[in-house]
Amino acid sequence: MYILGIETSCDETAAAVVKDGRQVLSNVVASQIEEHRLYGGVVPEIASRRHAEAISGVVAKALREAGLAVEDMDGIAVTHAPGLIGALLVGVNFAKGLAIAANKPLIPTHHLRSHIAANFLAHPELKPPFLCLVVSGGHSHIVLAEDYTRFSVIGRTRDDAAGECFDKAARAMGMPYPGGVALDNEAEKGDPAAFSFPRPHVEGSRYDFSFSGLKTAVLNLLHNAEQKGEMLNRADVCASFRAAVVDMLTENFLKAAQDTGMKTLVLAGGVSANKGLRTRLTAECEKKGLTLYAPPLSLCGDNGAMVAAQGYYELLAGHTAGPDLNAIASLPIDKL
Ligand code: KG4
Ligand code: ZN
């Protein structure tokens, strides 16, 4: 079965064709990051307009590169939630029009489910059930994937998402948006023990995260140094900050693995590209006899292939929509 996947939830206009949920035939991403960088973050109004300009060309290119036509598709999957509402609406309306015109099933696809499905494209042997750490710019969740389309949230952030926390710390150090990857690269050169940052726990929850205390701690460190005219070693600040985020994510994820008895762990979302997180989790899983999967770097960020992969499983489960499909800015991963 061939699925066309369309993604416009944030700042990438993306489309891809995937065969049987596992084999990428094309994967086209048009990024708007350069433009949003001028403003230090994604400007929703600009994002919607750029999606509207790019969507038609991106979808045509994805079909062309796959050597297929829309008539060959078995379904059209589109990210309908969660995300920036104006941005989502562009993809949803485009997919609706295409589905009606070509008389194909329309498949509403949850963005975080798609991030998880990015792993299916690189790891043919991976099958649910597994425990997943979904860490992106907007979300930080520990999710039990009971099946391809059945999830339960075990832990979540009470405030900032991990990616947001990386981006805010990076911005305070003068790195351009989105600073997560720059901070990660800088951290490679520093000493993770140079500064001691807090690793706050959420009272009464074994698995929830709270990053706001850590964010405040790094901002305070930088402001105090600036006021005193002190020069901090930036690589050391980055390495120490990254170590704190990685500790917090790893600790709760491994606790959840132990408590649920899950032996297969999966990383997903933009922050799954983080070198510190990948290295640490790889080492811990090896020690504990757990199997860890992570998407290749090329599929960690937003893309259409992951939407098509998840869309395939949603279609098999009969999850399709009519022409009244709406976009939803905020929707839990366990709801459709
Ligand atoms: O999943 P994603 O592309 O978009 C959302 O669905 O939010 O995630 C983007 C987030 C940004 O906050 C970005 O800074 C972060 O992922 N990110 C990283 C790295 N690469 C991307 N954070 C830390 N280390 C990285 N290497
Ligand atoms: Zn994403």
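Asks: Before we move on, could you go through the overall build of the chain and cite the residues and values that matter?
Replies: Counting secondary structure elements, the chain contains ten helices and ten strands. Each of the 336 residues in the chain was classed as buried or not, and the buried ones make up 55%. Contacts in the chain between residues at least 24 apart in sequence constitute 74% of all its contacts with a sequence separation of at least 6. Here the chain has roughly 13800 Å² of accessible surface; of this, 51% comes from carbon and sulfur atoms. Positive and negative side-chain charges in the chain, numbering 31 and 37 respectively, have mean positions lying 2 Å apart.

Asks: So what's going on with the sheet that holds strand S4 (residues 75–81)? Residues and values would help.
Replies: Pairing in this open sheet of five strands is mixed, and the strands run S3-S2-S1-S4-S5 from one edge to the other. In the strand order of this sheet, the two ends are held by strand S3 (23–31) and strand S5 (106–110), each with one partner. With direction set aside, neighbouring strand axes in the sheet form an average angle of 20°. The sheet contact formed by S4 and S5 spans five bridges and is parallel. Paired with threonine 79 across the two strands is threonine 109, which belongs to S5. Against the sheet, helix H2 (residues 44–66) engages strand S1 (2–7), strand S2 (12–19) and S3, with an angle of about 25° to S2.

Asks: Got a sec to walk through the packing of aromatic side chains? Specific residues and values, please.
Replies: Taken as a whole and judged by the stated rule, the model has eight aromatic pairs. An aromatic cluster is present here, built from Phe120, Phe130, Tyr148, Tyr312 and Tyr313 joined pairwise through their rings.

Asks: Before we move on, could you go through the packing of helix H5 (residues 162–172) against helix H7 (residues 212–228) and cite the residues and values that matter?
Replies: At a minimum axis separation of 10 Å, H5 and H7 run at an interaxial angle of 5°. When the axis of H5 is compared with that of H7, the two are roughly parallel. Side by side, H5 and H7 meet where Cys165, Lys168, Ala169 and Ala172 of the first sit next to Lys215, Val218, Leu219 and Leu222 of the second. Considered class by class, the residues forming the contact of H5 with H7 number six nonpolar, no polar and two charged.

Asks: Mind laying out empty space enclosed by the protein, listing which residues take part and the relevant values?
Replies: Considering all chains together, one arrives at one cavity of 30 Å³ or more under this definition. Approximately 90 Å³ is the volume found for the largest cavity. Around the largest cavity sit 13 residues that line it, and Arg199, Pro200, His201, Met248 and Asn252 are the ones nearest its centre. Taken together, the residues of the lining of the largest cavity break down into four nonpolar, four polar and five charged.

Asks: Break down the nonpolar core for me, citing the residues and quoting the values.
Replies: Formed by 44 residues in total, the largest nonpolar core has its most connected members in Leu131, Leu133, Leu183, Phe241 and Leu249. When contributions to this core are tallied by element, the ones reaching two or more residues are strand S6 (130–135), strand S7 (140–147), H5, helix H6 (180–187), H7, helix H8 (234–260), strand S9 (264–268) and helix H9 (275–288). Sorting elements by how many residues they give to this core places H8 first, with 13 residues. Look past the residues within four positions of leucine 249 in its chain and what remains in contact with it is Leu133, Val135, Ala162, Phe209, Phe211 and Leu277. Counting 32 residues, the second largest nonpolar core, distinct from the first, contains Ile3, Ala16, Val18 and Leu112.

Asks: Run through the domain arrangement of the chain, naming residues and quoting values.
Replies: Looking at the assigned domains, one finds that the chain contains domain 1 (2–116 + 299–316) and domain 2 (127–295). For domain 1 versus domain 2, the distance between C-alpha centres works out to 27 Å. Between domain 1 and domain 2 the total buried area reaches about 1600 Å² when both faces are included, carbon and sulfur atoms providing 71% of it. For the interface between domain 1 and domain 2, the tally reads zero salt bridges. At the boundary of domain 1 and domain 2, one finds six residue pairs in polar contact (both at pLDDT 80 or more). The set of elements that each furnish at least two residues to the side of domain 1 that touches domain 2 consists of helix H1 (33–37), helix H4 (111–117) and helix H10 (304–316).

Asks: Tell me about the pairing of S4, and please be specific about residues and values.
Replies: Across the seven residues that make up S4, a large majority, seven, are buried. In this sheet, S4 lies alongside S1 in parallel orientation, the contact comprising four bridges. Paired with isoleucine 3 across the bridge in S4 is glycine 75. What joins S4 to S5 is helix H3 (residues 85–102), and the crossover it makes is right-handed.

Procedures and definitions
Residues numbered from 1 in each chain as written. Chains lettered and ligands numbered in written order. Predicted model: local features only at pLDDT ≥ 70, side-chain atom pairs only at ≥ 80, totals over all residues. Heavy atoms only, no water. Helix = DSSP H or I, 4+ residues; strand = E, 2+ residues; numbered from the N terminus. Buried < 20%, exposed > 50% of the residue type's maximum accessible area, 1.4 Å probe, protein only. Contact = heavy atoms within 4.5 Å. Areas by Shrake-Rupley, 256 points an atom, 1.4 Å probe, with all protein chains shown as cover. Lys, Arg positive; Asp, Glu negative; His and termini not counted. Charge placed at Lys NZ, Arg CZ, Asp CG, Glu CD. Pairing = 2+ DSSP bridges. Axes fitted to C-alpha atoms, helices over the stretch in contact; angles between N-to-C directions. Phe/Tyr/Trp six-rings, centres within 6.5 Å; stacked < 30°, edge-to-face > 60°. Parallel < 35°, antiparallel > 145°, perpendicular 65-115°, else oblique. Nonpolar A, V, L, I, M, F, W, Y, C, P; charged D, E, K, R; others polar. 1 Å grid on protein atoms, 1.4 Å probe; cavity = no way out; pocket = protein on both sides within 12 Å on 5 of 7 lines; lining within 4 Å. Points joined across faces, edges and corners; volume = space filled by probe spheres on them. Core = buried A, V, L, I, M, F, W, Y, C linked by side-chain atoms within 4.5 Å. Domains from an automatic or database assignment. Buried area = accessible area lost by both parts, 1.4 Å probe. Salt bridge = Lys/Arg side-chain N within 4 Å of Asp/Glu carboxyl O. Polar contact = N/O pair within 3.5 Å; in protein donor to acceptor, adjacent residues only side chain to side chain. Right-handed = clockwise from strand over helix to strand, strands pointing away.

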